[in-house]
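# Notes for the structure review
The lines below spell out each chain.
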Amino acid sequence: MTIPPPPIREQPQLEPQPTRSPSWWRRNRLALIALAVLAPGTAIGIGWHEWHQYHGFEARPFQPIVVEEDATAELVGATWGPVRGGEIDDLSGFDVPDGAKVIAVGVPVDAGTDGVTCTAPVLVHQASGREWQTARFEMGLLSDSEEPETCVSDEKGDYELIVPFVVPDDVEGPFWVDVWPQEAGGSFLRFTLED
């Protein structure tokens, strides 16, 4: 007797499984790595460029040299201060809007024999940081060579910058008076003015 061979079962044909494609994250990993490196670098580069355009070419002052009250300071070969000033009570003949007052500031300058160049001083409210520019022409006050608002290198020796500012009535001091000699680069003088 012989044993018959076991019956052979046919294996069902399985359909080939499609290969699973990599996820979106894997397909784009190089681009994502490049983005993670380049985005912060770009932000830093743009920020530096904008800062440099604004401050870097001595276009704007950004570093204050604080001067004590009733003190003088030396910068770019000139002596500045002490600053004096206060509110002007008699505004007759001036064009000042209702609800405003005028604060006049005097900044003595000893320009020496070489002279110095500076922009008109700026009045800054210490509590809020709000700034006011000179308002001489807006008030109807004509320019006067005896009361300059800016320094020019042709002026040698001692003189005083006289600058009026129109500020709202409800703004109370103390203030800073910022003076920027152009030759000082990014530095400027910051005087305290009590109102």
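Since the model is a prediction, treat every value here as computed from it, not as a measurement.

## Brief notes about the packing of aromatic side chains
Across all of its chains, the model carries two aromatic pairs by this definition. Pairing Trp24 with Trp25 gives two aromatic rings, centres 5.1 Å apart and planes at 85°, and the pair type is edge-to-face. Ring plane angle 75° and centroid distance 6.3 Å describe the contact between Trp132 and Phe175, whose orientation is recorded as edge-to-face. With Trp132 in strand β7 (residues 131-132) and Phe175 in strand β9 (residues 175-179), the pair connects residues that are 43 residues apart, well separated along the chain.

## Notes on the state of the cysteines
Enumeration over the complete set of coordinates arrives at one disulfide. Each sulfur of the disulfide joining Cys118 and Cys151 lies 2.1 Å from the other. Disulfide Cys118-Cys151: torsion about the S-S bond near 70°, hence right-handed. Note that Cys118 is positioned in the loop between β5 (100-110) and β6 (122-125) and Cys151 in the loop between α3 (136-139) and β8 (158-168), a separation of 33 residues in sequence. Using a relative accessible area of 4% as the deciding quantity, one classes Cys118 as buried.

## Focus on a nonpolar patch on the surface
Residues Leu30, Ile33, Val37 and Leu38 make up a contiguous nonpolar surface patch of roughly 450 Å² in combined accessible area. Mapping Leu30 onto the fold places it in helix α2 (residues 29-56).

## Brief notes about the sheet that holds β7
A sheet is described by the order of its strands in space; here five strands give the open sequence β1-β10-β9-β6-β7, paired in mixed fashion. Lying at the two open borders of the sheet, with one neighbouring strand each, are β1 (63-67) and β7. Pairing between β9 and strand β10 (residues 187-193): five bridges, direction antiparallel. Across the sheet, Asp178 pairs through a bridge with Arg190, a residue of β10.

## Some thoughts on the nonpolar core
Trp80, Leu123 and Val177 are the most contacted members of the largest nonpolar core, which totals 29 residues. Looking at this core, the elements that each hand over two or more residues are β2 (73-75), β3 (78-80), β5, β8, β9 and β10. Here this core takes five residues from β8, the largest share from any one element. Core analysis: the second largest hydrophobic core is formed by five residues, Val96, Ala100, Val102 and Ala135 among them.

## Here's the deal with the layout of surface pockets
In this structure, the largest pocket spans a volume of roughly 250 Å³. Mapped onto the lining of the largest pocket, the elements with two or more residues apiece are β9 and β10. Classifying every residue of the lining of the largest pocket by side-chain character gives six nonpolar, two polar and three charged.

## Describing the environment of Ala71
Take Ala71: it is sitting in the loop between β1 and β2. When its relative accessible area of 22% is taken as the criterion, Ala71 is described as partly exposed. Through-space distance from the C-alpha of Ala71 to that of Leu189 is 12 Å; in sequence the pair is 118 residues apart. Dropping the residues within four chain positions of it, Ala71 is found in contact with Trp80, Gly81, Pro82 and Phe191.

## Some remarks on the side chain of Ser187
Structurally, Ser187 can be placed in strand β10. Non-local contacts of Ser187, meaning those with residues more than four positions away in its chain, are made with Pro61, Gln63, Ile65 and Trp180.

## Concerning unusual backbone geometry
Leave glycine aside and you will find that most residues have negative phi; peptide bonds, for their part, are mostly trans. Going from Gly81 to Pro82, the amide bond is cis rather than trans, its omega being -5°. Here Pro82 lies in the loop between β3 and β4 (84-87). Omega for the bond connecting Gly173 with Pro174 falls within 30 degrees of zero, at 10°, which places this linkage in the cis form. For Asp70, which is not a glycine, the phi torsion comes out positive at approximately 60°. Here Asp70 lies in the loop between β1 and β2.

About the cut-offs
- Residues numbered from 1 in each chain as written.
- Predicted model: local features only at pLDDT ≥ 70, side-chain atom pairs only at ≥ 80, totals over all residues.
- Heavy atoms only, no water.
- Phe/Tyr/Trp six-rings, centres within 6.5 Å; stacked < 30°, edge-to-face > 60°.
- Helix = DSSP H or I, 4+ residues; strand = E, 2+ residues; numbered from the N terminus.
- Disulfide = S-S within 2.5 Å.
- Buried < 20%, exposed > 50% of the residue type's maximum accessible area, 1.4 Å probe, protein only.
- Patch = residues over 30% accessible without salt bridge, like charges linked within 9 Å, V, L, I, M, F, W, Y side chains within 5 Å.
- Areas by Shrake-Rupley, 256 points an atom, 1.4 Å probe, with all protein chains shown as cover.
- Salt bridge = Lys/Arg side-chain N within 4 Å of Asp/Glu carboxyl O.
- Pairing = 2+ DSSP bridges.
- Core = buried A, V, L, I, M, F, W, Y, C linked by side-chain atoms within 4.5 Å.
- 1 Å grid on protein atoms, 1.4 Å probe; cavity = no way out; pocket = protein on both sides within 12 Å on 5 of 7 lines; lining within 4 Å.
- Points joined across faces, edges and corners; volume = space filled by probe spheres on them.
- Nonpolar A, V, L, I, M, F, W, Y, C, P; charged D, E, K, R; others polar.
- Contact = heavy atoms within 4.5 Å.

It is worth stressing that arrangement in space is one thing and function is another; only the former is reported here.
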